[in-house]
Amino acid sequence: PYSTPLQIAELARIFPTLKVVLGHGGLYDLVDEAIAAAQEFPNIWISMTSLPTWYMQKLIDNVSVDQLLFGSDGGLGNVDKQSYVGLRWQMFESLNLDINTLTKILELNPQRLLRRLPA
């Protein structure tokens, strides 16, 4: 109960140089809160991990693409988890994003987040 996107956004407000990642995009019931938090605070990043495609698209439509990340927390330790990662990748690919958006979400944003590229 103490880790909703808007509660975590309070940290982003108090510490504006802190990079905050909202994992799982707020999940199903808190996607709108995650969007509101990212719209208000540029130091909030949203990972689209484990979201269905319609929520991923909603994030892309409502949040700066510079604040979006994609990954999977499924791991690659066994076959079941590998198929889960593959399913998530297929869902992401089905969005048919343009190359610039893909490059930001998959390459440039993670590099910026990890300070491999300038802000």
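Our structure is the block above this text.
**Quick word on the pattern of salt bridges**
Okay, step 1: Scanning the entire structure with this criterion turns up three salt bridges.
Okay, step 2: A salt bridge links Glu10 to Arg13, with the shortest nitrogen-to-oxygen separation between them at 2.3 Å. Note that Glu10 and Arg13 are positioned in helix α1 (residues 5–14) at a spacing of three residues, about one turn of the helix.
Okay, step 3: The partly exposed category is assigned to Arg13, whose relative accessible area is 46%.
Okay, step 4: We note a salt bridge from Lys104 to Asp66, for which the minimum N-O separation is 3.0 Å. Linking Lys104 in helix α5 (residues 99–113) with Asp66 in the loop between α3 (53–62) and β3 (68–69), this pair joins segments that are 38 residues apart in sequence.
Okay, step 5: Judged by relative accessible area, Lys104 falls into the partly exposed class, the value being 29%.
Okay, step 6: Note on Asp66: relative accessible area 29%, which makes it partly exposed.

**What about unusual backbone geometry?**
Okay, step 1: Phi at His24 is positive, roughly 65°, even though this residue is not glycine.
Okay, step 2: The residue Ser50 is not glycine, and still its phi comes out positive at about 70°.
Okay, step 3: As for its placement among the helices and strands, Ser50 is situated in the loop between β2 (44–47) and α3.

Calculation rules
Residues numbered from 1 in each chain as written. Predicted model: local features only at pLDDT ≥ 70, side-chain atom pairs only at ≥ 80, totals over all residues. Heavy atoms only, no water. Salt bridge = Lys/Arg side-chain N within 4 Å of Asp/Glu carboxyl O. Helix = DSSP H or I, 4+ residues; strand = E, 2+ residues; numbered from the N terminus. Buried < 20%, exposed > 50% of the residue type's maximum accessible area, 1.4 Å probe, protein only.

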